[in-house]
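What follows is each chain in one-letter form.
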Amino acid sequence: MAEEPKIILGIDPGSRITGFGIIKIAGTRREYMGSGCIRTEGTVFTDKLKQIYDGVTEVITQYQPDLFAIEQCFVSKNVASTIKLAHARTAAIIAALNHHLEIGEYSPRQIKQSVAGYGNAEKVQVQHMVCTILKLSSTPQADAADALAIAITHADILQSLVAMNYKELGIHGMSHSHYR
């Protein structure tokens, strides 16, 4: 019996631009559903956080994802930027929690490793692999491509967990999609 398809929403948080990417997975298949950017306006930071929350909520309402994945905070030399990034992440996470979505969090290194096969891959390499994996004819905007990479990483982690569970059960040599 075939595995039920799942929709994953990936988020690349930012206080000015928050990228989003939506993919549908079924077994090892990954299908592009949509991507884009939530661009904040104005100078009042709390207003920007509300725009991020509202934007992510709108994407969730439109695509009805089953799963949510987001990039973890990375500590930069600029502490103020790191704090703003943490707040932007929180606004997106609260939108997901309000829709009862499970949340996966991944470091930039994990995402690059998963998508490009190398934890120190350049942005251009990640974008190229996102296009290859999802069979896209054109490259999405950088933040949207990063969000798609986050969704792909979540799909890869889920697939690995399923495969490990089958190994523990003593089932070898068949795709997990043959069981359910």
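Preceding this section is the structure that the text describes.
The rules behind the values
Residues numbered from 1 in each chain as written. Predicted model: local features only at pLDDT ≥ 70, side-chain atom pairs only at ≥ 80, totals over all residues. Heavy atoms only, no water. Core = buried A, V, L, I, M, F, W, Y, C linked by side-chain atoms within 4.5 Å. Buried < 20%, exposed > 50% of the residue type's maximum accessible area, 1.4 Å probe, protein only. Helix = DSSP H or I, 4+ residues; strand = E, 2+ residues; numbered from the N terminus. Contact = heavy atoms within 4.5 Å. Expected span 1.5 Å × (residues − 1). Pairing = 2+ DSSP bridges. Salt bridge = Lys/Arg side-chain N within 4 Å of Asp/Glu carboxyl O.

Trainee: I'm lost on the nonpolar core in this one. Help?
Mentor: L9, I11, F20, I22, V56, F68 and A92 are the most contacted members of the largest nonpolar core, which totals 21 residues. Elements supplying a minimum of two residues to this core: β1 (6–12), β2 (17–26), α1 (45–63), β4 (67–71) and α2 (79–98). When sequence neighbours within four positions are dropped, the list of residues in contact with F20 reads L9, G10, I11, S35, G36, C37, I38, V59, A144 and A147.

Trainee: Sorry, what's going on with α1 here?
Mentor: Structurally, the α-helix is built with 3.6 residues per turn, so residues lying three or four positions apart point the same way. For α1, with 19 residues, the first-to-last C-alpha span of 27 Å sits near the 27 Å given by 1.5 Å per residue. Buried within α1 we find K48, L49, I52, G55, V56, T57, V59, I60 and Y63. The elements touched by buried residues of α1 are β1, β2, β3 (29–39), β4 and α2. After α1 finishes, the residue Q64 shows a positive phi value of roughly 50°.

Trainee: Hey, could you run me through unusual backbone geometry in this one?
Mentor: Apart from glycine, the bulk of residues carry a negative phi angle, and the bulk of peptide bonds sit in the trans form. Residue H100 is not a glycine yet carries a positive backbone phi of 60°. Relative to the helices and strands, H100 is located in the loop between α2 and β5 (102–106). Residue classification places H100 among the exposed positions, given a relative accessible area of 73%. For K135, which is not glycine, the phi torsion reads 55° and is therefore positive. A relative accessible area of 72% means that K135 is categorised as exposed.

Trainee: So what exactly am I meant to see when it comes to the pairing of β4 here?
Mentor: Moving residue by residue along a regular strand, the side chains alternate between the two faces of the sheet. Burial analysis of β4 places five of its five residues in the buried class, which makes it a mostly covered element. Residues L67, A69 and E71 line one face of β4 and the alternating positions F68 and I70 line the opposite face, and both faces are buried. Here β1 pairs with β4 via four bridges, running parallel. Note that in β4 the partner of I8 across the bridge is L67. In terms of strand pairing, β4 meets β5 through five bridges, oriented parallel. Looking at β5, one finds that F68 is bridged to I103.

Trainee: Mind showing me how you'd approach the pattern of salt bridges here?
Mentor: Should their charged atoms come close, side chains of opposite charge can pair. Using the criterion set out here, one finds four salt bridges in the structure. R30 serves as the salt-bridge partner of D156, at 2.8 Å between the closest nitrogen and oxygen. Taken as a pair, D156 in helix α5 (residues 142–168) and R30 in strand β3 lie far apart in primary sequence, 126 residues in all. Judged by relative accessible area, D156 falls into the partly exposed class, the value being 22%. Relative accessible area serves as the criterion here: at 13%, R30 is assigned to the buried category.

Trainee: Could you clarify how one ought to interpret the environment of E71 in this entry?
Mentor: Tracing the backbone shows E71 in strand β4. Of the residues examined, E71 reaches a relative accessible area of 13% and is grouped as buried. Each C-alpha atom of the pair E71 and I150 lies 6.7 Å from the other, and the pair is 79 residues apart in sequence. Those residues in contact with E71 that lie beyond four places of it in its chain are I11, D12, P13, R89, Y106, P108, I111 and I150.

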